Amino acid sequence: MDETSKERLDRELNELLQGLRIALPGVQFMYAFLLTVPFAQGFARVTEFQKDVFLVALISTALSSVCFIAPAVQHRLLFRGGLKDVLLRRSNRYGIAGAVALAVAMISAILLVVDYLFGRSWALSMAIPLAVLILWVWLLQPMVTRFRRAGDPLP
């Protein structure tokens, strides 16, 4: 398919924004849930470790939301400014940063809930494999694929 550089930028930016629109509702739901947790009846019984893990989950979910929302906001502010190539590169970085923050939030949330319900050893036995799975599926596997393609630069 032959496309101009403008058409390519339009397509790539649209694809990126669509991907972020898929991730964002889950992140926002998780963020909203975490915001209510301290007001739940059983929260007074959590340990200092669990409070720390909760804080990591809450902050990383907020950071993920900021990163996933930033491309849409910047797109509105830079609309028709002739900076679509800059916006695309920047938004790609925000998407990656948002995914990292989301991974931290998911692992922290699992660690918190399982530690609260079943204890630390169960929590670690759930959180560590989840971290390894996310690391492989979200980062290492795509990197291996890119490295196998000669001359394909990293973002």
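Since this is a predicted model, take the numbers as computed values, not measurements. (Residues numbered from 1 in each chain as written. Predicted model: local features only at pLDDT ≥ 70, side-chain atom pairs only at ≥ 80, totals over all residues. Heavy atoms only, no water.)

Inspection of the secondary structure assignment puts Ser60 in helix α2 (residues 48-78). We classify Ser60 as buried; its relative accessible area is 6%. Once residues lying within four places of it in the same chain are set aside, the contact partners of Ser60 are Ala101, Val104 and Ala105. (Helix = DSSP H or I, 4+ residues; strand = E, 2+ residues; numbered from the N terminus. Buried < 20%, exposed > 50% of the residue type's maximum accessible area, 1.4 Å probe, protein only. Contact = heavy atoms within 4.5 Å.)

Closest axis-to-axis distance for the helix α1 (residues 5-36)/helix α3 (residues 84-118) pair is 10 Å, and the angle between their directions is 25°. In terms of their interaxial angle, α1 and α3 are classed as roughly parallel. Considering the relative orientation of α1 and α3, their crossing is left-handed. For the pair α1 and α3, contact is made by Leu9, Asp10, Glu12, Leu13, Leu16, Leu20, Val27 and Met30 and by Lys84, Asp85, Leu87, Leu88, Ser91, Asn92, Gly95, Leu102, Ala105, Met106 and Ala109, respectively. Its residues assigned to classes, the contact of α1 with α3 comprises 12 nonpolar, three polar and four charged. (Axes fitted to C-alpha atoms, helices over the stretch in contact; angles between N-to-C directions. Parallel < 35°, antiparallel > 145°, perpendicular 65-115°, else oblique. Left-handed = near helix turned anticlockwise from the far one by under 90°. Nonpolar A, V, L, I, M, F, W, Y, C, P; charged D, E, K, R; others polar.)

Moving on to α2. The periodicity of an α-helix, 3.6 residues per turn, causes residues three or four positions apart to be oriented the same way. Taking 1.5 Å of rise per residue, the 31 residues of α2 would be expected to cover 45 Å, and the 44 Å separating its terminal C-alpha atoms lies within 8% of that figure. Of all the bends in α2, the largest measures some 35° and sits at Ala70, one to four residues before the proline Pro71. Once α2 ends, the next one or two residues include Arg80, with phi positive near 60°. (Expected span 1.5 Å × (residues − 1). Bend = angle between axes of the 7 residues up to and from the residue.)

What the rule picks out here adds up to one aromatic pair. Ring geometry for Phe43 versus Phe54: centroids 5.4 Å apart, planes at 65°, classification edge-to-face. Taken together, the residues Phe43 in the loop between α1 and α2 and Phe54 in helix α2 connect sequence positions 11 residues apart. For the pair formed by Phe43 and Phe54, the shared burial category is buried. The ring of Phe49 is capped by Arg120, whose NZ or CZ atom sits 3.6 Å from the centre of that ring. (Phe/Tyr/Trp six-rings, centres within 6.5 Å; stacked < 30°, edge-to-face > 60°. Lys NZ or Arg CZ within 6 Å of the ring centre and 35° of its normal.)

Taken N-terminus to C-terminus, the directions of α1 and α2 make an angle of 150°; their axes are 9 Å apart at the nearest point. Handedness of the α1/α2 crossing: left-handed. In contact with Leu13, Leu16, Leu17, Leu20, Ala23, Leu24, Val27, Gln28, Met30, Tyr31, Leu34 and Leu35 of α1, α2 contributes Phe54, Ala57, Leu58, Thr61, Ala62, Ser64, Ser65, Phe68, Ile69, Pro71, Ala72 and His75. Partitioning the contact of α1 with α2 into residue classes produces 19 nonpolar, five polar and no charged.

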